[in-house]
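# Examination of the molecular architecture
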Amino acid sequence: MVCGPFGKPLEDALAACHQDVNLYHNALTRLAGSAGMGSYERAESVMVLFIAAGCSANVRASVTYALDYANTTCAGGTSTPLHVAVAGLSGADERDVAAAPLGLMSIEGDFVAGYPHWVEPSERGIELGALCVGDGDITAVGSDVSARHARLWCNADGEWFVEDLGSTNGTRIEDGSTGEVRELVAGKPARLRAGDLLGLGAATTFAIMFGLPGTVGHEPCRVRVHRD
């Protein structure tokens, strides 16, 4: 009644209210597939999320409430699906731009798809993950990405960094100039430069770019990525 095509009308309504549908879909999927709860508990948690989102039109508050409900009332919660192998990455030319907004462009197969997610420079930064609920957080990620997978921020010198937050399936960077791939250690930040590729889990990859101050999102696009 709630998941799959039957739940699409609510997702369409949330999108019309300018809500984060990726976050809602991620929470719904993980609650429905949680191994820590029985079938009745999973159904109950899913309905709590569905009703909360439908009544409030506030996805972040609804996801926070539903996950807390699953953890406390149903003694369950969610977990990140494990992946088996890490997909390869390819890079581009390196270019530093100090104190500029950072853009993350999703790569799907051999294509750059969609539109950039722009992150304004700040030391607070944003998080990337399936169930992140902060302002500006990015939830347009694959199913094997952890709830709170990684954090991005900019220091006072205009340098951008990424930190793995103890994810299940790992975070990696492919250097845009050398092609070297580094697997990040949780809690140890790594520098990001234009042209790098940021990988979360096996199937989520973002190309790193920088924009001008005040950069806003663009219309969706698909651009062929030529791989050597």
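Fair warning: this is a prediction, and the values are worked out from it, not measured in the lab.

About the cut-offs
Residues numbered from 1 in each chain as written. Predicted model: local features only at pLDDT ≥ 70, side-chain atom pairs only at ≥ 80, totals over all residues. Heavy atoms only, no water. Phe/Tyr/Trp six-rings, centres within 6.5 Å; stacked < 30°, edge-to-face > 60°. Buried < 20%, exposed > 50% of the residue type's maximum accessible area, 1.4 Å probe, protein only. Lys NZ or Arg CZ within 6 Å of the ring centre and 35° of its normal. Helix = DSSP H or I, 4+ residues; strand = E, 2+ residues; numbered from the N terminus. Salt bridge = Lys/Arg side-chain N within 4 Å of Asp/Glu carboxyl O. pLDDT = per-residue confidence, 0-100. Contact = heavy atoms within 4.5 Å. Core = buried A, V, L, I, M, F, W, Y, C linked by side-chain atoms within 4.5 Å. Pairing = 2+ DSSP bridges. Axes fitted to C-alpha atoms, helices over the stretch in contact; angles between N-to-C directions.

## Comments concerning the packing of aromatic side chains
For the coordinates displayed, the defined rule picks out one aromatic pair. Ring centres 5.9 Å apart and planes at 25 degrees place the aromatic pair Trp153 and Phe161 in the stacked group. Neither residue differs from the other here; Trp153 and Phe161 are each classed as buried. Between Arg151 and the ring centre of Trp153, over which it is positioned, the NZ or CZ distance is 4.0 Å.

## Concerning the environment of Ala13
Considering the arrangement of structural elements, one finds Ala13 in helix α1 (residues 8-16). Taking relative accessible area as the criterion, Ala13 reaches 37% and is therefore assigned partly exposed. Counting along the chain gives 41 residues from Ala13 to Gly54, while the straight-line C-alpha distance between them is 8.5 Å.

## Structural notes on the pattern of salt bridges
Per the counting criterion, the structure on display carries four salt bridges. Across the pair Asp135 and Arg60 runs a salt bridge whose closest N-O atoms are separated by 2.5 Å. Of this pair, Asp135 sits in the loop between β4 (126-128) and β5 (150-154) while Arg60 is found in helix α4 (residues 59-72), placing the two residues 75 residues apart along the sequence. A residue is classified by how much of its surface remains accessible, and Asp135, at 56% relative accessible area, is exposed. Residue classification places Arg60 among the partly exposed residues on the basis of a relative accessible area of 28%. Of the charged contacts in the structure, one is a salt bridge between Glu159 and Arg191, with a shortest N-O distance of 3.7 Å. In this pair, Glu159 is assigned in the loop between β5 and β6 (160-164) and Arg191 in strand β9 (residues 190-192), connecting sequence segments 32 residues apart.

## Section: the confidence of the model for the protein
Averaged over every residue, the pLDDT of the protein is 83; the share at 70 or more is 81%. Segment residues 84-98: pLDDT under 50, and 36 contacts once partners within four positions in sequence are set aside and those in other chains are kept.

## A word on the nonpolar core
Counting 46 residues, the largest nonpolar core has Tyr24, Leu104, Leu128, Leu152 and Val162 as the members making the most contacts within it. Top element by residues in this core is α4. It accounts for six residues. When near neighbours in sequence (up to four residues on either side) are disregarded, Leu104 contacts Tyr115, Pro116, His117, Val119, Leu128, Ile138, Leu152, Leu198, Phe206, Ala207 and Ile208. Residues Met105, Ile107, Val112 and Leu197 belong to the second largest nonpolar core, which totals five residues.

## Comments concerning the sheet that holds β9
In a beta sheet, neighbouring strands are held together by backbone hydrogen bonds and run either parallel or antiparallel to one another. In spatial order, the strands read β4-β5-β6-β9; together these four strands make up an open sheet with antiparallel pairing. Among the strands making up the open sheet, the edge pair consists of β4 and β9. Between one strand axis and the next, the sheet turns through 30 degrees on average, direction left out of account. Where β6 and β9 come together, three bridges link them in antiparallel fashion. Opposite Phe161, over in β9, you have Arg191 as the bridge partner.

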